[in-house]
Amino acid sequence: MFPGPTIYAREGDRVLINVTNHAQYNMSIHWHGLKQYRNGWADGPAYVTQCPVQTGQSYTYDFNVTGQRGTLWWHAHIFWLRATVYGAIVIMPKQGVPYPFPQPDFEFNLILDTYAIEVEQGKTYLLRIINAALNDELFFAIAGHNMTIVEIDAVYTKPFLTDSILIAPGQTTNVLVRTNQIPGRYFMAARPFMDAPISIDNKTATAILQYKGIPNTIVPSLPQLPSLNNTAFALNYNAKLRSLNSPKFPANVPLKPDRHLFYTIGLGVDPCPNCQNGTKLVASLNNITFVMPQIGLLQAHYYNLKGVFTTDFPDRPPTPFNYTGAPLTANLRTTLGKQPRLSRIAFNSTVELVLQDTNLLSVESHPFHLHGYNFFVVGTGVGNFDPKNDPEKFNLVDPPERNTVGVPTGGWTAIRFRADNPGVWFMHCHLEIHTGWGLKTAFVVEDGPDPDHSVLPPPKDLPPC
Ligand code: C2O
């Protein structure tokens, strides 16, 4: 099937998904946005939490959906296979628990690809929008209809009305749409947001919202989408996203971080004797290009295997420089170690991580995804992060809580989370091309004080390496 089957579950369910690999290449599946508490074994990124499922082999992903409800998605997590191997995850609230927004009459999953939905006039629809694109942040709009944002990345938000949304690869957005227009056919349209100097893709993808009883011959009109490089819309839209922060769904933002991390995001050029022009593009965090291990990092951590990874990933770049100013070739340099370098995080400590885009090769936006956690996006800005003044402007009350966040082109984003989920958790740019170039790292979150707060034992059918 394409897209693949939708996984329906309820908050509190235990879910078992048997994956059998009928493809001619190795496969692994990631349940994007599920926290997998103590249970990285079910998280899925190949060579991080498991070795891939080989052709003809099976693996059962066995996990509990605890304290989460909303829209997420699943996708292959090995090389570029997520291009076609993905589907939606819909987690309903517990039986009898309503949504904290007007109850919709109907719901649809809208994976940004191709789609047509038939609607009745005068109803409320909940659209569960998923950006499954490989390399494009997308604007999305529906001709003639506004949308009320009610949830992002399976976390409820303060509702607000908008005519367009912005959604990065990996992110999900739930919107309510009222079918209050003259019955007809209306285009839904998605187009990339590209404010980097190198724009490659400007195609518009469309789907149709069709009122019942309207003939197919009526020609729909296109919605107004923000222009390709409309940074102002992007900043303004992101600033409007706020956690619901109600008594039932409080935003527990860590107020005092125990650990301050500052990671620069760089694109660079490395020598490559076997490549066509002797060089290749690489990407780095704090000038380190991630190297993939041969066996799963989580296994190496759990069994205490030596020589698979080190935990000396630096908390900040080797030397501070003007990150978004004129590029200096000295800063282009990346280091490629023999082993993956990870950062070790104490259990239950509070972490602040500032992701800073740089102009090493060119500035570009980077949607960063952290596995195993949601985080709070406490601040963002353009230019260089100012550690003195910017934190004073952080939103520590109702910042958006999510699992994937766009670091703006030539700017920075600050996130905070409590490291209460032990295991090895991948963090990477969700633009597949950047992941491939090495824009990724992982955190080793230590076990808690007792077995109930430590990584669970691995399942018996964990794929061998
Ligand atoms: Cu949706 Cu590591 O990915």
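Counting from 1, residues in each chain are numbered in the order their sequence is written. Only residues with pLDDT of at least 70 are given local features in this predicted model, and only at 80 or more are side-chain atom pairs given and counted; all residues enter the totals for whole chains, interfaces and linings.

Focus: the domain arrangement of the chain
Part 1: One can read the domain layout of the chain as domain 1 (1-99), domain 2 (101-243) and domain 3 (259-453).
Part 2: A separation of 24 Å is found between the C-alpha centroids of domain 1 and domain 3.
Part 3: In the scheme used here, Gly and all other residues not listed as nonpolar or charged are polar, with Ala, Val, Leu, Ile, Met, Phe, Trp, Tyr, Cys and Pro taken as nonpolar and Asp, Glu, Lys and Arg as charged. A per-class count over the side of domain 1 that touches domain 3 returns 7 nonpolar, 5 polar and 4 charged. Segmentation into domains, and thus their bounds, comes from an automatic or database assignment.

Describing unusual backbone geometry
Part 1: At the junction of F2 and P3, the peptide bond is cis and its omega measures out at -10° in the coordinates.
Part 2: For P3, the location among the structural elements is in the segment before β1 (7-10).
Part 3: Its identity is not glycine, yet Q36 carries a phi of approximately 50°, on the positive side.
Part 4: Unusually for a residue other than glycine, A154 sits at a positive phi of about 65°.
Part 5: Counting from the N terminus, the helices are the DSSP runs of H or I reaching at least four residues and the strands are the DSSP runs of E reaching at least two. Inspection of the secondary structure assignment puts A154 in the loop between β11 (147-152) and β12 (155-162).

Topic: the environment of V53
Part 1: Note on placement: V53 falls in the loop between β3 (29-32) and β4 (58-64).
Part 2: Sequence-wise, V53 and P464 are 411 residues apart; in three dimensions their C-alpha atoms are separated by 8.2 Å.

Section: the UniProt feature "domain: Plastocyanin-like" (unreviewed entry) in the chain
Part 1: Mapped onto the present numbering, the UniProt feature "domain: Plastocyanin-like" (unreviewed entry) falls on residues 1-95, 113-213 and 312-447.
Part 2: Helix makes up 0% of residues 1-95 and strand 38%, with an end-to-end C-alpha separation of 29 Å. UniProt positions are given in the numbering used here, feature names are shortened, and annotations may be inferred rather than shown by experiment.

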